[in-house]
Amino acid sequence: MSAEFHFGGDYNPEQWMDHPDILEEDIRHFHRMGINTVTLNVFSWAFLEPEEGRYDFSFLSFVIKRMGEEGISVILATPSGARPKWLAAKYPEVLRVTDDRRRMLFGERHNHCYTSPVYREKVRLLNERLSEEFGHAENVIAWHISNEYGGECHCPLCQDAFRNWLRKRYGSIEELNRRWNNAFWSHICRSFDDIESPSPIGEHKNPSLALDWKRFVTYQTVDFMSEEIKAVRKYSELPVTTNMMYDYDGLDYSRFADSLDFISWDNYPSWGTGFGGDGVLVAADNAIEHDYFRSLKNKPFFLMESCPAATNWQPYSHLKRPGVLEAASLEAVAHGSDSVLFFQMRNSYAGYEKFHGALIDNSGRCTRVMKEAEELGKKLRMISRVKGSIVHAEAAVINDRESRWAMEGAAGPRNAGLHFRDNLRRIYLGLRSCGIDVDVIDSEHPFDGYKLLVVPMLYMFRSGAEQRLREFAADGGTLVVTHWSGVADECDAVYPGLSPHGLADVLGLYRTEIDALADGKTNTAVPAAGNKLGMKRSYECSVLAEVAELTSASPVLVYGDDFYKGYPAAAVNSYGSGRAYYIASMLEEGFYADFFASIIAGCGIEPVVSGLPRGVFASRRTDGEKNFVFMQNFSASEVILDSSVASGCRIIAGSPERLPSYGTLVFEK
Ligand code: GLA
Ligand code: ZN
């Protein structure tokens, strides 16, 4: 791959195939903007195989060659995300069945059964041909497998596959009945054939079934993807990726990482309108995802899609204000991306996405967006030595999909919303306000190498999580565990005994009850007299308030109101050579900044930059010898930087004196 950041994005020129002049016009614009990479073929199946078994790669071949002549690299997609009409008409089994057992009609995209042998076979044949034709083309640099895998199918083929998957997992139906507690409501299954996927017209209140179904959907999707990968690998060694989505609840992406050479994801934040227009929260929320995707493989990832202007599917097609495009793009780079790629290079002239932002619009003229992209291209070339470097975080926060499925699928303790993401964002902001890098990891990710590990609302402990958390603290790590952790096992059965399961002695306390506060209702966390962190302020608690009985821990904050007044809202306990902190509720944002500021030195983590005001973030990429520090300001006003921040450092981009709103400083340290 090239020494420069990959800069470009999705390009679907088959829409103007009969207008070669447009292609040439686009190429001129690509050069003006410094575009060096395009993603082709994402939705081209109907052109590649106009009739069953008749392949026609002439246009694709022409475009790849044309890009090559212009020095532009190609990320080549397998087109399985949308199928041609002939396929659905001849083989209805390729179409999805919904959870209420209705077979879908042809239409939309991602509307296929990932179990169907016919679909798998047609995709295999096409992918193999693509591999043979283009797997060695000089300017093709990677395979983009399908597009945003997602959704589920409840057809008879999928039911069978699900039953087989359960058979392997449980061994016997008796074991499944026991683990799921099917004695409840007399739902004992006589054999695996009794099992049906969750349905609104059938079983939809069995949380263990729902959880295993979601796991199966991930398993089957990964299996489908692996077959696609095998097919493109037939004649090609190029690296493979698939583009993933923001906080997507339908799949557990942690299970995809091993099958891929590098991770990529599609990033569409609501700049200007999200979180009441608070850019700091948008930036933090976005950064959580960058860190999550980076942590999947602990190496550089690709920003595969982002919108250069305004999306057409969000509530507001809000234009990116001048500067936002650059800040958002460099945020991905600061967190470990080796690319800045957009959806899309040129607007469709009709169809669902005709109003979706693009670098080149239907006027074909040079626009504001294009000018900003041109400047961004220059900036990326200025910082190109950063490419390939990694982020080495010493703090991690757990964001575990399976646990969230189970927690969010359970009836209680707060069906009006558990606010996991909000809680996570507050914690993340608190950590980042200390000027440190943070990994966002699954609970099965190794913990060694971290000095601080935050475990927010980890409802499900599986695969010995409690043991690994215990060892982490015993070995000198700083562990922070919040409310509603260690409740249930991998089948969503409640653990007997003290909770958080297996950690009561580590935390020096155990949970007795959890109270749901209605929207708008709050409690207060007030400093415990003589608390070890020297906390002096009171903070608002909302959403959930856990009540715990202390054994060996000492309180840091205590509830100020209600019948559990005086019970710990935060506590600290020494364990082995480490320390375990407990937070009992969702506290206001400011708490997390104060809390982490008071413990960070004790964790032994050296901040990248300390003393950051709200909205200014610092991150660091390293190539083993050199460190590249990124500072970004997502607040609404300019920040004057302390002269010590970059003194003696080589400035790569931006000013070391002042960081404008949405400005970025990059220096070598
Ligand atoms: C997704 C898809 C693209 C396009 C964009 C629009 O990320 O992968 O094909 O639909 O959304 O935002
Ligand atoms: Zn199916």
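Here the structure is a predicted model, which is why all the values come from computation and not from measurement.

### Overview of the packing of aromatic side chains
Centre-to-centre distance and the angle between the planes together describe a pair of aromatic rings. What the rule picks out here adds up to 35 aromatic pairs. Arranged with centres 6.2 Å apart and planes meeting at 80°, the rings of Trp-271 and Tyr-662 form a pair that is edge-to-face. Taken together, the residues Trp-271 in the loop between β7 (264–267) and α9 (279–297) and Tyr-662 in the loop between β25 (658–659) and β26 (664–668) connect sequence positions 391 residues apart. Three or more aromatic residues joined by ring pairs make a cluster, and in this case those are Tyr-248, Tyr-253, Phe-256, Trp-265, Tyr-292 and Phe-293. Note that Arg-346 overlies the ring of Trp-16, its terminal NZ or CZ placed 5.8 Å from the centroid. Above the plane of the ring of Phe-447 lies Arg-468, whose end atom (NZ or CZ) is 4.0 Å from the centre.

### Quick word on empty space enclosed by the protein
Tallying each qualifying case throughout the model produces seven cavities of 30 Å³ or more. For the largest cavity, the calculated volume is near 100 Å³. Of the residues contributing to the lining of the largest cavity, the split by class is seven nonpolar, seven polar and one charged.

### Examining the site of ligand 1
As a structural note, the neighbourhood of ligand 1 is formed by Phe-43, Arg-109, Asn-147, Glu-148, Asn-243, Asp-266, Tyr-268, Glu-305, Trp-313, Phe-343, Glu-353 and His-356. Interatomic distance of 2.8 Å between a side-chain N/O atom of Arg-109 and an oxygen atom of ligand 1. The separation between an oxygen atom of ligand 1 and a polar side-chain atom of Trp-313 is 2.7 Å.

### Observations regarding the layout of surface pockets
One simple way to see leftover space: roll a probe sized like a water molecule over the atoms. Approximately 1000 Å³ is the volume found for the largest pocket. As for the largest pocket, its lining consists of 33 residues, and the residues nearest its centre are Phe-43, Arg-109, Phe-343, Tyr-352 and Glu-353. With three residues, helix α2 (residues 45–48) is the largest single contributor of residues to the lining of the largest pocket. Along the lines of polarity and charge, the residues of the lining of the largest pocket split into 15 nonpolar, eight polar and ten charged. Volume-wise, the second largest pocket comes out at about 630 Å³. The wall of the second largest pocket is formed by 27 residues, among which Lys-205, Asn-206, Pro-207, Ser-208 and Asp-492 lie closest to the centre. Broken down by secondary-structure element, the contributors of at least two residues to the lining of the second largest pocket are α7 (173–180), α8 (207–232) and α12 (401–409). In terms of residue count, the dominant contributor to the lining of the second largest pocket is α8 (five residues).

### Considering the pattern of salt bridges
Opposite charge on two side chains permits them to pair, given that their charged atoms come into close proximity. In total, this model carries 63 salt bridges according to the counting rule given. A salt bridge links Glu-490 to Arg-179, with the shortest nitrogen-to-oxygen separation between them at 3.7 Å. Separated by 311 residues along the polypeptide, Glu-490 in the loop between β13 (478–482) and α15 (504–507) and Arg-179 in helix α7 bring together distant segments of the chain. A residue is classified by how much of its surface remains accessible, and Arg-179, at 21% relative accessible area, is partly exposed. A salt bridge links Asp-505 to Arg-470; its shortest N-O distance comes to 2.7 Å. Of this pair, Asp-505 sits in helix α15 while Arg-470 sits in helix α14 (residues 465–474), and the two are 35 residues apart along the sequence. On the basis of relative accessibility, which here comes to 18%, the residue Arg-470 falls in the buried class.

### With respect to the coordination of the zinc ion (ligand 2)
Protein coordination at the zinc ion (ligand 2): the donors are Cys-113 (SG), Cys-153 (SG), Cys-155 (SG) and Cys-158 (SG), at 2.3 Å from the metal. With four donor atoms in place around the zinc ion (ligand 2) and angles of 101 to 114° between them, the coordination shape is tetrahedral. Ordering the donors of the zinc ion (ligand 2) by residue number gives the pattern C-x39-C-x1-C-x2-C. One end of the pair, Cys-113, is in the loop between α4 (85–90) and α5 (117–134); the other, Cys-155, is in the loop between β4 (140–144) and α6 (156–170), with 42 residues separating them in the sequence.

### Considering helix α3 (residues 58–69)
The terminal C-alpha atoms of α3, which comprises twelve residues, lie 16 Å apart, in line with the 16 Å expected from a rise of 1.5 Å per residue. By the burial criterion, the buried members of α3 are Phe-59, Leu-60, Val-63, Ile-64, Arg-66 and Met-67. Looking down the long axis of α3, one finds its buried residues gathered within 160° of arc, a one-sided arrangement. α3 presents Lys-65 and Glu-69 as exposed residues on the side facing more than 90 degrees away from its buried surface. At the exit of α3 stands Gly-71, carrying a positive phi of roughly 75°.

Analysis parameters
- The numbers attached to residues start from 1 for each chain and follow its sequence in the written order.
- Lettering for chains starts from A, numbering for ligands starts from 1, and both go in the order in which the items are written.
- Where local features are concerned, this predicted model is filtered to residues with pLDDT of at least 70; where side-chain atom pairs are given and counted, the filter is 80 or more; whole-chain, interface and lining totals use all residues.
- Each side-chain value is derived from all of the structure's non-hydrogen atoms; neither hydrogens nor water enter the calculation.
- The aromatic pairing rule takes the rings of Phe, Tyr and Trp, using the six-membered ring of Trp, and pairs them if the centres are within 6.5 Å, calling planes under 30 degrees apart stacked, those over 60 edge-to-face and the rest tilted.
- Secondary structure counts use DSSP, requiring at least four H or I residues in a row for a helix and at least two E residues in a row for a strand, with both numbered from the N terminus.
- Placement of a charge over a ring requires the Lys NZ or Arg CZ to be within 6 Å of the ring centre, with the centre-to-atom vector within 35 degrees of the ring normal.
- A pocket, in this scheme, is an open set of points on a 1 Å grid over the protein atoms alone with protein on both sides within 12 Å along at least 5 of 7 lines, while a cavity is a set where a 1.4 Å probe fits but cannot get out; residues line either one if an atom lies within 4 Å of a point.
- Grid points are joined across faces, edges and corners, and a volume is the space filled by probe spheres set on the points.
- Polarity classes work like this: nonpolar for Ala, Val, Leu, Ile, Met, Phe, Trp, Tyr, Cys and Pro, charged for Asp, Glu, Lys and Arg, and polar for all others, with Gly in that last group.
- We call a residue near a molecule or strand when any one of its heavy atoms sits within 4 Å of it.
- A 3.5 Å cut-off defines polar contacts: any pair of N or O atoms within that distance qualifies, except that in protein one atom must be a possible hydrogen donor and the other a possible acceptor, and neighbouring residues in sequence count only when both atoms are side-chain atoms.
- Should a side-chain nitrogen of Lys or Arg be within 4 Å of a carboxyl oxygen of Asp or Glu, the pair is scored as a salt bridge.
- The buried label applies to any residue whose accessible area, calculated with a 1.4 Å probe on protein chains only, is under 20% of its type's maximum; exposed applies above 50%, and partly exposed to all values in between.
- Atoms of type N, O and S within 2.8 Å of a metal are treated as its donors, and for Na, K and Ca the window is 3.2 Å; water is not considered, so some sites may appear to be missing partners.
- For four-coordinate sites, all angles between 85 and 135 degrees define a tetrahedron; for four- and six-coordinate sites, opposite donors beyond 155 degrees with the remaining angles between 65 and 115 define square planar and octahedral shapes respectively, and all other cases count as irregular.
- Given the number of residues in a helix, its expected span is that number minus one, multiplied by 1.5 Å.
- Directions from the helix axis toward the C-beta atoms define the arc.

Honestly, it's all geometry; don't read function into it.
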